[in-house]
Amino acid sequence: MNRKRLVLLLMMLIAATFTTGCWDKTELNEMAIVSAVGLDRNKEGKLVGTFQIINPGNVAGALQGGGGSNPPISIYRATGDNVLELDGNASMKISRDMYFAHANLVVIGEELAKEEGLNDIFDAFERSPEFRATTRIVIARGVKARDIVETLTAIDKVSAEKVIRTIETTEKTQGKSISINLQEVIKNLLSTGKEPIISGFTVRGNTGKEDKMENTMSSDIEANPNAAGIGVFKDGKLIDWLDGDKAIGSMWVLDRIENVHLYLDWEGKKNAVTYSVIRQKTNIGAKIVNGKPKISIKVRAEGDIREANVPLNLTDMHVLIDIERKLAKELKKEMEDAIVRAQKNKSDIFGFGELMHESHPKEWKKLEKNWDDDTFPKLEVDVQVETFIRRTGLRNKPFLSNLQKKDQ
Amino acid sequence: MASFFKQKRQVKQREKKKEDESQSKSKTPDYIESSLSANLEIVKKKTGKSPDIIIRTLKIGLNPEIKTTILYVQGLIDNPSVTDFIIESIMKNPHLSKNILPLEAMEIISEDVVSLGGVERVTDWEKLFLTLLSGDTIIFIDEVNVALVASTRGGEKRSIQEPSTHLTVRGSREGFTESNGTNIAMLRRIINTPDLWIESMKIGTVTKTDVSIMYINGIVKEGIVEEVKKRLNRINIDSILESGYIEQLIEDQVMTPFPTLNHTERPDMVAGNLLEGRVAIFVNGTPFVLIAPALFVQFFQSVEDYYNRFDIASATRFLRIIVFIISIVGPAVYVAATTFHQEMIPTKLLVIVAAQRETVPLPAVVEALLMEMTFEILREASLRMPKAVGSTMSIVGALVIGQAAVQAGIVSPAMVIIVSITAIASFATPSYAIAISARIVRFGFIICAGMLGFYGMILAFIILIVHLCSLRSLGVPYMTPLAPLNPKGLGDTFFRRPIWAFKERPQYLTNENNLIREGNNQRPLPPESRGMKTSDGKKGEGNES
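Quick caveat: nothing in here was measured; it's all calculated off a predicted structure. (Residues numbered from 1 in each chain as written. Chains lettered and ligands numbered in written order. Predicted model: local features only at pLDDT ≥ 70, side-chain atom pairs only at ≥ 80, totals over all residues.)

(A) Main features of the overall build of chain A. Of the regular secondary structure elements, chain A holds 14 helices and 13 strands. Based on the C-alpha atoms only, the size of chain A along its principal axes is roughly 100 × 60 × 60 Å. Put simply, of all contacts in chain A between residues at least 6 apart along the chain, 71% involve residues at least 24 apart. (Helix = DSSP H or I, 4+ residues; strand = E, 2+ residues; numbered from the N terminus. Contact = placed C-beta atoms within 7 Å.)

Now the structure itself:
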């Protein structure tokens, strides 16, 4: 190749790189970082989207002098018939491009979840290359989705962050919420052998000013978003809410408990003994007995005694074994109640069907059709619980037992 | 176009021929005349009567007196030896104050009088001037057409000092000086074997610089010395002022930002390299000695790696590789991540970076290039500046980069952090030569990242690696032992094998017949018995194994 051609080629190459410019480039100060999306339905039956956009300069700690007086988030609302129309309509109000890669939370209004179901709205989220499959989903319980999205919170300045963290800690320490993401929800919606459950969230307190900075000015926050139970779905529609023991029981069956407390009544005193689970394992087996499907659940839990408000001799092996037995009974009841509730709802939230599919694929083909309406509600479930007390904390006998001796 | 160049070259060649002819015409006669005055005339004419060339005339013999002239260059000679062992001994020698013939006088002077290490007879002018200008003393005797050359080289030299590059905490404090003789002697002191061979030559038609090749016979790979000599002999240039001249004239590849020859100020580093079969090139007038062939991994090795224990040495070496990568891609990653791949940054970090960039008017690429340029200017300025202004400079620099630019909102604090980390990283590479390469390559990466994000960076990385693999140093592939892979050689790359497990010299550098460098079972072991005593005072078993 001679020199002229080489120079020409080089010039063409340089021109090609520079004239195409910076493909797909977006500067950080040209984008609006969306942190949460709320979806409601209005009276006309149109979708109402609420977009929570982070105001980076006002998130404290980002820059000296930033944060404090101005809200860390801005809310934009738009109506439309589908999700992308919302996006388009919202852009009329926002000066920048909305960027969804950091939208970690989708809040769905209770009405929308009950009446329309989830099936129609998730496609846009799943299809978008920006949107993450790990985005958390919650249901706004008793309030509109926009109420949760627009609430200002104190410690986590961006309320999306607060909602996600609250659900995670509630799941871990209480078992009353479930942190579930877009991908899991869609997977469960598709599966015939499992129905999705999604955490509920609500705003408690003096609502009406939740979107004003005043809300966070007080040490006792006036309107505060709280975790509120677990929503049960059937055919993509919200049908029931699980609270308290029912929620915890369901989480035990789902093997999503980390370290919860179990309370035990003792000699008439309510919740006198507290048992703190440190590790646990739930094994579920699916069998076909006499042509009928049967589920057996085995739970093994290990934990400490953390509170005893009755005079108990915790050094005595027999007392401990007694406590273990009672705990197992208590836990078994909790789980059975949760299963009965699910069977009443005709919604297989535990994925028993999926399990049956895995272990007995041939039989599953026959069972699949009537699973939700017929087989699952009548399913025989055998629960076996084994609890073990590893330690009793820093004390053996509670000091109460010493007090009582003095009385005598 | 090509033919045009050819023509030009031919013209040049013709001109050169003419020059040669004209030079030979005005040239002085080749050999020394017998008349002293004629000889002195020639010297004066040739040197332009330079005052530093001292001509001292003495008279020896009786009846007739014979004129003798001593010739030397002021400052290049060792003063006491000229005055004591030449002038004084000629004047006071009893044999010379007799009736003698000039030829006899010459014999006496060379054999009895001059009590110096080297006395030589010279008949041609070229050699005479070469020795005179290297610091030797010339003795002319009237009516003799031979001159005596007494070696009196000396003069002021810098003493051996601690090297200013390749600093180490542990290890020799000696650094090379500007004098070739001293430098070679330093190596002799370290490697005490007759197999340490040295070959010298003069390069530079005007400067006639001393260049010496050093290698260990038997360890050096066959052909490498010949290759070095061939390349050195090819050089036809007026001057060699530093080893960098030689480096640029004997490199394998010219169009590369990476150094394909290594250089050092440390005798222990040269010794280590000679023992691996490399060749050292000493150039008079510079403390930097060239080492060839050089491999890419070698630039991350410090002599201290071998002095420290292997775990520490391996850890620091690993760190250096990481640091080198940071110094190349640091700002590029920031640019790519903030302008193309925001989804890769954790939300909280993104919010912080976004808040900082909120007021910045420039795109991230421009910001990065601006800051890198500022830093390069600062570095270059502080290198070349008189030392007295240094502190002013650093204050202004720190204020401009660190404070004012951020407060004015022209650059974001995050960018300042990135640039600083990159700057520190580029200083943490032990070899300055490869650190400069990283500086140049870095700008390429920033531009690629600014145009195509990580995709562009990957493209740049592929090009870089292909380029590195295409390089050679004296015929040895630059990336050995990584590519081509040499499993045994890997023990001295990203980590360093313990000394007791370094059984062989690198195959790709050393003569195949002389690979073994240590005996078997060099791993130190605890004593057979720990000498512990049992409770009743008897010597116990205490066997470790």
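Read on for the rest.
(B) How the structure looks around the confidence of the model for chain B. Residues and elements named next belong to chain B. Here chain B averages 85 in pLDDT, while 92% of its residues score no lower than 70. The weakest mean pLDDT in chain B belongs to helix α1 (residues 2–26) at 52; the strongest belongs to strand β9 (residues 279–283) at 94. Between residues 21–26, whose pLDDT stays under 50, and residues either more than four places distant or in other chains, the model counts zero contacts. (pLDDT = per-residue confidence, 0-100.)

(C) Quick peek at the interface of chain B and chain A. Between chain B and chain A, the residue contacts involve 23 residues of the former and 24 residues of the latter. Elements supplying a minimum of two residues to the side of chain B that touches chain A: α11 (310–339), α12 (347–357) and α16 (432–470) of chain B. Considering every element that reaches the side of chain B that touches chain A, the biggest residue donor is α12 of chain B, with nine residues. Class assignment for the residues of the side of chain B that touches chain A results in 14 nonpolar, six polar and three charged. (Nonpolar A, V, L, I, M, F, W, Y, C, P; charged D, E, K, R; others polar.)

(D) Focus on the sheet that holds strand β4 (residues 137–141) of chain B. All names here are of chain B. Judged by pairing direction, the sheet is antiparallel, and its five strands sit side by side in the order β1-β2-β4-β5-β3 without closing on themselves. Edge positions in the open sheet fall to β1 (53–60) and β3 (119–122), since each of these has one partner strand only. Within this sheet the neighbouring strands show an average axis-to-axis angle of 25 degrees, counted without direction. Inspection of the sheet shows β1 paired to strand β2 (residues 66–73) by eight bridges, in the antiparallel sense. Paired with Ile-55 across the strands is Leu-71, a residue of β2. On the sheet, helix α4 (residues 102–113) packs against β1, β2, β3, β4 and β5 (147–150) and is oriented at approximately 155 degrees with respect to β4. (Pairing = 2+ DSSP bridges. Axes fitted to C-alpha atoms, helices over the stretch in contact; angles between N-to-C directions.)

(E) Highlighting the packing of α11 of chain B against α16 of chain B. Residues and elements named next belong to chain B. For the pair α11 and α16, the least separation of the axes is 8 Å and the interaxial angle reads 30 degrees. With respect to their mutual orientation, α11 and α16 come out roughly parallel. Crossing of α11 over α16 shows right-handed handedness. Judged by residue contacts, Phe-324, Ser-327, Ile-328, Val-329, Pro-331, Ala-332, Val-335, Ala-336 and Thr-339 of α11 engage Ala-438, Val-441, Arg-442, Phe-445, Ile-446, Cys-448, Ala-449, Gly-450, Gly-453, Phe-454 and Met-457 from α16. Across the contact of α11 with α16, the residue classes tally to 15 nonpolar, four polar and one charged. (Parallel < 35°, antiparallel > 145°, perpendicular 65-115°, else oblique. Left-handed = near helix turned anticlockwise from the far one by under 90°.)

(F) How the structure looks around the domain arrangement of chain B. By domain assignment, chain B separates into domain 1 (20–150), domain 2 (180–294) and domain 3 (307–477). Using C-alpha coordinates to define each centre, domain 1 of chain B is positioned 62 Å away from domain 3 of chain B. (Domains from an automatic or database assignment.)

(G) Highlighting the nonpolar core. Core analysis: the largest hydrophobic core is formed by 182 residues, its most contacted members being Val-107 and Ile-108 of chain A together with Ala-280, Ile-281 and Ala-332 of chain B. Residues in contact with Ala-332 of chain B, not counting those within four places in the same chain, are Phe-445, Ile-446, Cys-448, Ala-449 and Met-457 of chain B. Counting residues in hydrophobic clusters, the runner-up holds 30 residues, among them Val-43, Leu-71, Ile-109 and Val-149 of chain B. (Core = buried A, V, L, I, M, F, W, Y, C linked by C-beta atoms within 7 Å. Buried ≥ 20, exposed ≤ 12 C-beta atoms within 10 Å, placed from the backbone.)

(H) Representation of unusual backbone geometry in the model. Residues and elements named next belong to chain B. Cis geometry is found at the peptide bond from Ala-292 to Pro-293, where omega equals -5 degrees. Take Pro-293: it is sitting in the loop between β10 (289–292) and α10 (303–307). The linkage connecting Thr-480 with the following residue, Pro-481, adopts the cis geometry, with an omega of 5 degrees. Within the secondary structure, Pro-481 is located in the segment after β12 (476–477). In this model, Lys-49 sits at a positive phi of 55 degrees, which is unusual for a non-glycine residue. Checked against the element boundaries, Lys-49 lands in the loop between α2 (36–47) and β1. For Asn-521, which is not glycine, the phi torsion reads 50 degrees and is therefore positive. In this structure, Asn-521 sits in the segment after β12.

(I) The arrangement of the pairing of strand β6 (residues 136–140) of chain A in detail. All names here are of chain A. Within β6, five of the five residues are buried, which leaves the element mostly enclosed by the surrounding structure. By the alternation rule, side chains of β6 split into Arg-136, Val-138 and Ala-140 and Ile-137 and Ile-139, which are all buried. Bridge count between β6 and strand β7 (residues 197–205): two bridges; the pairing is parallel. Counterpart to Ala-140 in the pairing with β7 is Phe-201.

(J) How the structure looks around the packing of helix α13 (residues 364–384) of chain B against α16 of chain B. All names here are of chain B. Running from N to C, α13 and α16 point in directions that differ by 165 degrees, and their axes come no closer than 9 Å. Overall, the two elements α13 and α16 adopt an arrangement that is roughly antiparallel. For the crossing formed where α13 meets α16, the hand is left-handed. Across from Val-365, Ala-368, Leu-369 and Glu-372 in α13, the residues of α16 making contact are Arg-442, Phe-443, Ile-446 and Gly-450. Looking at the contact of α13 with α16 residue by residue, the class counts come to five nonpolar, one polar and two charged.

(K) Layout of the pairing of β9 of chain B. Residues and elements named next belong to chain B. The buried fraction of β9 is high, at five of five residues. Every second residue of β9 is oriented toward a common face, with Val-279, Ile-281 and Val-283 on one face and Ala-280 and Phe-282 on the other, all of them buried. In this sheet, β10 lies alongside β9 in antiparallel orientation, the contact comprising three bridges. Across the sheet, the residue bridging to Ile-281 is Leu-290, located in β10. Hairpin geometry of β9 and β10 is characterised by an intervening segment of five residues between the two adjacent antiparallel strands and by a positive phi of about 100 degrees at Gly-285.

(L) Fine view of the sheet that holds β9 of chain B. Residue and element names in this part refer to chain B. One open sheet holds the five strands; their spatial order is β6-β7-β9-β10-β8, and the pairing between them is antiparallel. Strand pairing shows two members of the sheet lacking a second neighbour, β6 (196–203) and β8 (262–264), which therefore form its edges. Ignoring which end each strand starts from, the neighbouring axes of this sheet average 25 degrees apart. Both strand β7 (residues 209–216) and β9 contribute to a ladder of four bridges, which runs antiparallel. Bridged to Met-214 within β9 is Ala-280.

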